[in-house]
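Spelled out, the chains give:
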Amino acid sequence: MLAEKREKFKPIERLTGKIFSKLGPSPNQYTLNSIFFGIFSALSIFYKEFLLGFLFFLLAAFLDFVDGAVARYTNAATKKGAYFDTIADRIVEGLVYLSLFSLPLPEIFLPAKYWIFLAFFGSLMTTYAKAAAKEKELISEELKEGLFGRAERMIVLALALFLAIFNLKFAIYPIVILAIFSNLTAIQRIKLALKS
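Just so it is clear, the model here is predicted, and its values are computed rather than measured.

Undergrad: How would you summarise the overall build of the protein if you had to cite specific residues and measurements?
TA: Helix and strand counts for the protein come out as seven helices and zero strands. Of the regular secondary structure in the protein, the N- to C-terminal order runs α-α-α-α-α-α-α. Against the compact-globule benchmark of 16 Å for 196 residues, the protein has a radius of gyration of 17 Å, which places it among compact chains. Its C-alpha atoms give the protein principal-axis dimensions of roughly 45 × 45 × 25 Å. For the protein, with 196 residues in total, the buried portion stands at 42%. Taking the contacts inside the protein whose residues are at least 6 apart along the sequence as the reference set, 78% of them involve residues at least 24 apart. Of the roughly 11,200 Å² that the protein leaves accessible, carbon and sulfur atoms contribute 69%.

Undergrad: So, helix 7 (residues 172-195): which residues are in play, and what are the values?
TA: Compared with the 34 Å implied by 1.5 Å per residue over 24 residues, the 35 Å span of helix 7 between its first and last C-alpha is a close match. Residues of helix 7 that are buried: Ile172, Pro174, Ile175, Val176, Leu178, Ala179, Ser182, Asn183, Thr185, Ala186, Arg189 and Ala193. Structurally, helix 7 contributes buried residues whose contacts are with helix 4 (79-100), helix 5 (112-135) and helix 6 (150-166).

Undergrad: Tell me what's going on with the nonpolar core, and back it up with residues and numbers.
TA: Of all hydrophobic cores here, the largest spans 31 residues; its most connected members are Phe57, Leu100, Leu105, Ile172 and Ile175. Looking at this core, the elements that each hand over two or more residues are helix 3 (50-73), helix 4, helix 5, helix 6 and helix 7. Per-element tally for this core: the top contributor is helix 6, with seven residues. Phe20, Tyr30, Leu63 and Val66 belong to the second-largest nonpolar core, a separate cluster that totals five residues.

Undergrad: Any chance you could break down a nonpolar patch on the surface for me, citing the residues and the numbers?
TA: Where nonpolar side chains cluster on the molecular surface, the patch consists of Leu32, Phe36, Ile39, Phe40, Leu43, Phe46 and Tyr47 and spans about 680 Å² of accessible area. Tracing the chain through its elements places Phe36 in helix 2 (residues 27-46). We classify Phe36 as partly exposed; its relative accessible area is 40%.

Undergrad: Give me the pattern of salt bridges: which residues, what numbers.
TA: One pass over the full model with this rule turns up five salt bridges. Across the pair Arg150 and Asp89 runs a salt bridge, and its minimum N-O distance is 3.2 Å. Of this pair, Arg150 sits in helix 6 while Asp89 sits in helix 4, and the two are 61 residues apart along the sequence.

Undergrad: So what's going on with unusual backbone geometry? Which residues, and what values?
TA: With a phi close to 60°, Lys48 is a non-glycine residue in the positive phi region. Examined against the element boundaries, Lys48 turns out to sit in the loop between helix 2 and helix 3.

Undergrad: Now, about the side chain of Ser34: what can you tell me, with residues and values included?
TA: Within the secondary structure layout, Ser34 lies in helix 2. Residue classification places Ser34 among the buried residues on the basis of a relative accessible area of 2%. Polar side-chain contacts of Ser34 include one of 2.6 Å to the backbone oxygen of Thr31. Setting aside chain neighbours within four positions, we find Ser34 in contact with Ala60, Leu63, Asp64, Ala88 and Val92.

Undergrad: Just give me the short version of the confidence of the model for the protein, but keep the residues and values in it.
TA: Across the protein, pLDDT averages 85, with 92% of residues at or above 70. The weakest mean pLDDT in the protein belongs to helix 1 (residues 10-21) at 72; the strongest belongs to helix 6 at 91.

Analysis parameters
- Residues numbered from 1 in each chain as written.
- Predicted model: local features only at pLDDT ≥ 70, side-chain atom pairs only at ≥ 80, totals over all residues.
- Heavy atoms only, no water.
- Helix = DSSP H or I, 4+ residues; strand = E, 2+ residues; numbered from the N terminus.
- Rg over C-alpha atoms; globule rule 2.2 N^0.38 Å.
- Buried < 20%, exposed > 50% of the residue type's maximum accessible area, 1.4 Å probe, protein only.
- Contact = heavy atoms within 4.5 Å.
- Areas by Shrake-Rupley, 256 points an atom, 1.4 Å probe, with all protein chains shown as cover.
- Expected span 1.5 Å × (residues − 1).
- Core = buried A, V, L, I, M, F, W, Y, C linked by side-chain atoms within 4.5 Å.
- Patch = residues over 30% accessible without salt bridge, like charges linked within 9 Å, V, L, I, M, F, W, Y side chains within 5 Å.
- Salt bridge = Lys/Arg side-chain N within 4 Å of Asp/Glu carboxyl O.
- Polar contact = N/O pair within 3.5 Å; in protein donor to acceptor, adjacent residues only side chain to side chain.
- pLDDT = per-residue confidence, 0-100.

See the structure below:
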């Protein structure tokens, strides 16, 4: 949903690109740094240091925004950079979800590990439904429609990590929401691709 309103965030993106382009790193270096912070986040979660896990995850997500903002501001956006950014996104998400498997989260209708798997699977399928539709030439422009795009998924995953700081049991609720809505988004995108 937020991706469809991207134009409203353009002034913030432009300001971010302007500020961070002056600091020196290239867009790809910002992307690489987001992976490092994703690794630190996953390790922190694994060792039950939830405040650190949350903060590192926020930094990884922020750098994911910065890399694109800098690339567009400096006219340095490339297909390879966009590809690397997408791969980095999946790496960070995958590492965080992997670390969640180590936690003693409560069962809600299903064991927590199934909800974690479904959340990650839905995230992958949402991205893959978009990529496959373009690769198979069903669409000419990227599918960005849907309930839970990348931004929504990152916000809800961050909420799960934030709640874990106060009570680990609460973290399962955003994960269940992710599991349901990311898979619904994948189905939405598949239907849109087949209709086009």
